[in-house]
Amino acid sequence: MDRKSFLKKSVMAGSAMAAAPGLLAKNKMEIQAPVKGNSFNLKYAPHFGMFKNLAGDDLLDQIRFMADAGFTAMEDNGMMHRSPKRQEQIGTLMSNLGMEMGVFVLDKGGNSKNSFTAGKEEYTEIFLDGCRKAVEVAKRVNATWTTVVPGNFQRWLPIGIQRAHVIETLRKGAEILEPHGIVMVLEALSDTPDLYLRTSDQAYAICKAVDSPSCKILFDIYHMQRNEGDLIKNMDHCWDEIAYIQIGDNPGRNEPGTGEINYQNVFKFIHDKGYNGILGMEHGKAGDGKEGEKALIDAYVNADNFT
Amino acid sequence: MNDKINHSVCRWCYEDIPLETLCKSVSEMGFKSVELQGPEEWPILKKYGLTCAMPWGAEKSLEEGFNDPSLHDELVANYERIIPMVADAGLDNIICFSGNRNRLDDETGLQNCVTGFKRILPVAEKYNVTLCMELLNSKVDHPDYQCDHTNWGVELCDRLGSDQFKLLYDIYHMQIMEGDIIRTIRDNSEYIAHYHTGGVPGRHEIDERQEINYPAVMEAIVETGYTGFVAQEFIPTQDDKLAALKRGMEICDV
């Protein structure tokens, strides 16, 4: 048995990771956060409904609550389905409160629908139509990013052909978005094995091939922990194409601290990289009612408590 | 100490500390085992009231294992010699490895392992010693190692169909290869006989300076009804290595 050579190799590989003193395990020292006036190192973006017990059902009240709590961004997957008037109200209120708009999902009929892998003109047209509509929505809500999921595998086509179809389709979409400064962010998902885009390296290669400032990666930490693990390493590999990040602990897809991911250190890594973008809170709550909503804020104050 | 996790430590991470010094220190900390040790060390551990939760001494190397039929005669002789010694010493596991792929496909590797292990399972079953194949990452530390995914190891367990053949699930290695740790542990707990730790990335301390929330993983392990050991297998960066080790144990003592 020779673990000696292995030991040396590992020590060398890890020598750059200097000891960071002073941090305490979050489980040992939980902070009880106030409901108002928190100050975060990063732009965490809640969803509508997350604070409906504390803030009430009205969407604009919920935005005011988020701002009061200290959140400087918000994201809304279903924004394209809201009325233009509602979109404008949301956009105006958020800019008055100094909040940034996160992603909305670019509507192409559903995550698994009208898959780019097929290379079908009718599917591409549905996507491009979605791009044009997304530009209008983005203008109304002051958004920069819109989520794109390329769809399912087309099992009867060779994998390289599917990939080329995805790249060609995205290039056409980027042509529409680029003049408006809108960025589609590609999200690899773990929901079903039928979804074509599964891993961060795959998203990275596709973005490099599309080669547009309007086609970047949405790195969803929950999905990537389920599909590939090695979060910090993989984010580092893909860093120059990552424009957006989403959050969720695993298993359970709830707030940080409810699963196997040490979010405090993952956020520290993201912060140390100089990330100035948004981190969408695309997850549920472990607890119910007002207590669950307060616990969610506590979880972010704790996970954000890195030095 | 909560006594829900039995704590062990891998000897090789503290090579510059003499074994007896290490044994004395870790037994005072609350460890019950020092592991990856052979027959010569077992009596020394015993002197300090320590067991060896994961013995070694029969394998050739990580790279040369049961997926290579040309090694079977030698490996079978080694394991047949060591297994009775393990039992005599009051121990119940012995580590084993798949070996590197060397261009073998998954299926051939499985078939070769089945052929090899079937030769020693009667001895393992007779002495009630469990062969534990370690899951290792093939991306960072052990390029080309074949047992680098849980599913492959579980398939091998199923084909062998013996309680005396299980997996050593290394949390560090599997976070690098797969992620999804807690679900994998829950779904496959019946196949797992032992756990190792380590911080990701870097294989250093398992504290807040890495990406795994170890207390949550430990709670999930306890929930599966696990009664075996969890061994600390990280390379401390801080000067006081034993303090790092103690902290690692505390993090896992849920």
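Residues numbered from 1 in each chain as written. Chains lettered and ligands numbered in written order. Predicted model: local features only at pLDDT ≥ 70, side-chain atom pairs only at ≥ 80, totals over all residues.

**Overview of helix α4 (residues 106-127) of chain B**
All names here are of chain B. We count it as follows: Counting from the N terminus, the helices are DSSP H or I runs at least four residues long and the strands are E runs at least two residues long. By this rule, a helix spans an expected 1.5 Å times one less than how many residues it contains. Each residue is assigned a bend, namely the angle between axes fitted to the seven residues that terminate at it and the seven residues that start at it. Exposed residues have 12 or fewer other C-beta atoms within 10 Å of their own C-beta, buried residues have 20 or more, and residues in between are partly exposed; the C-beta atoms are placed from the backbone. Each residue gets a C-beta atom placed from its backbone, and two residues are in contact if those atoms lie within 7 Å.
In this model α4 runs 30 Å from its N-terminal to its C-terminal C-alpha over 22 residues, within 8% of the 32 Å that 1.5 Å per residue would give. Of all the bends in α4, the greatest, near 40 degrees, is centred on I120, and the proline P122 appears no more than four residues after it. Listed in full, the buried residues belonging to α4 are G109, L110, N112, C113, G116, F117, I120 and A124. Against the buried residues of α4 lie α3 (72-88), β4 (130-134), α5 (150-160) and β5 (165-170). Positive backbone phi, at 55 degrees, marks N128, one or two positions downstream of α4.

**Remarks on the sheet that holds strand β4 (residues 104-105) of chain A**
All names here are of chain A. Heads up, the rule is: Only when DSSP finds a minimum of two bridges between them are two strands counted as paired. Only the stretch in contact is used when fitting a helix axis, every axis being a line fitted to C-alpha atoms; angles between N-to-C directions are given from 0 to 180 degrees.
Taken together, the 7 strands give an open sheet; going across it, the order is β1-β9-β8-β7-β6-β5-β4, and neighbouring strands pair in parallel fashion. A strand with exactly one partner marks an edge of an open sheet, and here the two such strands are β1 (43-45) and β4. Judged from the 4 bridges that link them, strand β7 (residues 215-220) and strand β8 (residues 242-246) form a sheet pairing that is parallel. Bridge pairing in β8 places L218 opposite Y244. Seen against the sheet, helix α7 (residues 200-210) touches β6 (183-187) and β7 and runs at an angle of roughly 165 degrees to β7.

**A short note on the sheet that holds strand β7 (residues 229-232) of chain B**
All names here are of chain B. Pairing is parallel across the open sheet formed by 7 strands, whose spatial order is β2-β1-β7-β6-β5-β4-β3. Sheet topology places β2 (33-35) and β3 (93-96) at the edges, where each strand pairs with a single neighbour. For this sheet, the mean angle separating the axes of adjacent strands, direction not counted, is 30 degrees. Where strand β6 (residues 192-196) lies against β7, 2 bridges are found, and the strand directions are parallel. By the bridge assignment, Y195 is partnered in β7 with V230.

**Concerning unusual backbone geometry**
The omega torsion across N250(A) and P251(A) is -5 degrees, close enough to zero to call that bond cis. Among the secondary structure elements, P251(A) is positioned in the loop between β8 and α10 (263-272). With an omega dihedral of -5 degrees, the bond running from V200(B) to P201(B) counts as a cis peptide bond. Within the fold, P201(B) resides in the loop between β6 and α8 (214-223). With phi around 60 degrees, L36(B) is a residue other than glycine that occupies positive phi space.

**Considerations on the pairing of β4(B)**
Residue and element names in this part refer to chain B. What counts here: By convention a crossover is right-handed if, when the strands point away from the viewer, the path from the first strand over the helix to the second runs clockwise.
Of all the 5 residues making up β4, 4 are buried; the element is thus mostly covered by neighbouring parts of the structure. Across 4 bridges, β3 lies against β4 in parallel orientation. Across the sheet, N93 pairs through a bridge with T130, a residue of β4. Where the polypeptide runs from β3 across α4 and back to β4, its parallel neighbour, the crossover connection is right-handed. Pairing of β4 with β5 involves 4 bridges; the strand directions are parallel. From the neighbouring strand, L131 faces β5, where its bridge partner is F165. Taken together, β4, α5 and β5 form a β-α-β motif whose crossover is right-handed.

**A look at the packing of helix α3 (residues 59-69) of chain A against helix α4 (residues 84-96) of chain A**
All names here are of chain A. The test is simple: Roughly parallel means an angle under 35 degrees; roughly antiparallel means over 145; roughly perpendicular covers 65 to 115; every other angle is labelled oblique. For any pair of crossing helices, the crossing counts as left-handed if the nearer helix is rotated counterclockwise from the farther one by less than a right angle, and right-handed if it is rotated clockwise. Note on residue classes: Ala, Val, Leu, Ile, Met, Phe, Trp, Tyr, Cys and Pro are nonpolar, Asp, Glu, Lys and Arg are charged, and everything else, Gly too, is polar.
Viewed as axis vectors pointing N to C, α3 and α4 meet at an angle of 20 degrees, and their least axial separation amounts to 10 Å. One element, α3, and the other, α4, form an angle in the roughly parallel class. With respect to the hand of their crossing, α3 and α4 are arranged in right-handed fashion. For the pair α3 and α4, the contacting residues are L59, L60 and I63 in the first and Q89, I90, L93 and M94 in the second. Its residues assigned to classes, the contact of α3 with α4 comprises 6 nonpolar, 1 polar and no charged.

**As for the environment of I221(B)**
Residues and elements named next belong to chain B. Position of I221 among the secondary structure elements: in helix α8. For the pair I221 and I185, spaced 36 residues apart in sequence, the C-alpha separation works out to 7.0 Å. Not counting the four nearest positions on each side in its chain, I221 is found in contact with I185, Y195 and Y226.

**Some words on the packing of helix α7 (residues 181-188) of chain B against α8(B)**
Relative orientation and spacing of two packed helices are given, respectively, by the angle between their axes and the distance between those axes. All names here are of chain B. Viewed as axis vectors pointing N to C, α7 and α8 meet at an angle of 10 degrees, and their least axial separation amounts to 10 Å. Of the possible angle classes, the one that applies to α7 and α8 is roughly parallel. Residues I181, I182, I185 and R186 of α7 pack against A216, V217, A220 and I221 of α8. Of the residues assigned to the contact of α7 with α8, the class counts are 7 nonpolar, no polar and 1 charged.

**Looking at the confidence of the model for chain B**
As a note on interpretation, predicted positions should not be read in detail where pLDDT is low. Worth spelling out the cut-off: Confidence of the predictor at the level of single residues is given by pLDDT, which spans 0 to 100.
Residues at a pLDDT of 70 or more form 100% of chain B, whose mean pLDDT is 98. As a predicted assembly, this complex carries a pTM of 0.92 together with an ipTM value of 0.93.

**So, the nonpolar core**
Where we set the bar: Buried Ala, Val, Leu, Ile, Met, Phe, Trp, Tyr and Cys residues whose C-beta atoms connect them within 7 Å together make up a nonpolar core.
Counting 86 residues, the largest nonpolar core has M74(A), V185(A), L186(A), I217(A), F219(A) and I221(A) as its most contacted members. In terms of residue count, helix α5 (residues 121-141) of chain A provides more of this core than any other element does, 7 residues in total. Apart from the residues within four sequence positions on either side, I217(A) is in contact with V185(A), L186(A), S200(A), A203(A), Y204(A), C207(A), C238(A), E241(A), I242(A) and A243(A). Counting residues in hydrophobic clusters, the runner-up holds 82 residues, among them Y14(B), C23(B), W42(B) and A193(B).

**Points about α3(A)**
All names here are of chain A. What counts here: This arc corresponds to the set of directions leading from the helix axis out to the C-beta atoms.
By the burial criterion, the buried members of α3 are Q62, I63, F65, M66 and A69. For α3, the angular spread of buried residues about the axis comes to 160 degrees, placing them on one side. Looking at the buried side of α3, the elements it contacts are α2 (52-55), β2 (73-74), α4 and α11 (289-303).

**Concerning the pairing of β6(B)**
All names here are of chain B. Burial analysis of β6 places 5 of its 5 residues in the buried class, which makes it a mostly covered element. As judged from the 4 bridges shared by β5 and β6, these two strands associate in the parallel manner. When the bridges of β6 are listed, D170 appears paired with H196. The β-α-β motif built from β6, the intervening α8 and the parallel element β7 has right-handed crossover chirality.

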